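Residue strings, one per chain:
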Amino acid sequence: MINRLSVGLRGDINYFVKSYQYNFLDKHGFHKYQLIRSLEFNNNADVNYCLYTVDTKCGEMVIPFNGVVTYLGNDLWDIRNETQN
């Protein structure tokens, strides 16, 4: 595991989740929310969803599925949707 964030570090959700421990990311403005929803039509099975957010200059924002985040320093991030060519 990497133990430091450099300004300009860029990647998708998978990169950061695999490279850093959750507590470290959370301390630096990269948050994970686990949502559990019970579905009655599915034998009351629980379905787990993970939602990732980052702290930006505009406040806390959700990282889109195809999003790429860049660390700006001071525990702030930038989000780009990388669906464009």
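Analysis parameters
Residues numbered from 1 in each chain as written. Predicted model: local features only at pLDDT ≥ 70, side-chain atom pairs only at ≥ 80, totals over all residues. Heavy atoms only, no water. Phe/Tyr/Trp six-rings, centres within 6.5 Å; stacked < 30°, edge-to-face > 60°. Buried < 20%, exposed > 50% of the residue type's maximum accessible area, 1.4 Å probe, protein only. Helix = DSSP H or I, 4+ residues; strand = E, 2+ residues; numbered from the N terminus. Salt bridge = Lys/Arg side-chain N within 4 Å of Asp/Glu carboxyl O. Pairing = 2+ DSSP bridges.

1. Topic: the packing of aromatic side chains
(1) Moving on: What the rule picks out here adds up to eight aromatic pairs.
(2) Moving on: Note on Tyr15 and Phe16: the rings are 5.0 Å apart at their centroids and 80° apart in plane angle, and the pair reads as edge-to-face.
(3) Moving on: Of the residues examined, Tyr15 reaches a relative accessible area of 31% and is grouped as partly exposed.
(4) Moving on: A ring pair is formed by Phe30 and Trp77, whose centres lie 5.5 Å apart and whose planes are at 65°; its orientation type is edge-to-face. Linking Phe30 in strand E2 (residues 30-39) with Trp77 in strand E6 (residues 76-81), this pair joins segments that are 47 residues apart in sequence. This pair shows no difference in class: Phe30 is buried, exactly as Trp77 is.
(5) Moving on: Three or more aromatic residues link up through ring pairs in this structure, and these residues are Tyr15, Phe16, Tyr20, Phe24, Phe30, Tyr52, Tyr71 and Trp77.

2. Some remarks on the pattern of salt bridges
(1) Moving on: Tallied over the entire structure, the rule returns one salt bridge.
(2) Moving on: Put simply, Arg80 and Asp78 hold a salt bridge, and the shortest N to O gap is 3.1 Å.

3. A short note on the sheet that holds strand E5 (residues 67-73)
Remark on secondary structure: sheet strands pair via backbone hydrogen bonds, oriented parallel or antiparallel.
(1) Moving on: Read from one edge to the other, the open sheet built from three strands follows the order E1-E5-E6, with strand pairing classed as antiparallel. In this open sheet, the two edge strands, each paired with only one partner strand, are strand E1 (10-11) and E6.
(2) Moving on: As paired strands, E5 and E6 are joined by six bridges and run antiparallel to one another. Considered in E6, the bridge of Val68 is made with Arg80.

Such coordinate-based values are descriptive only and should not be taken to indicate function.
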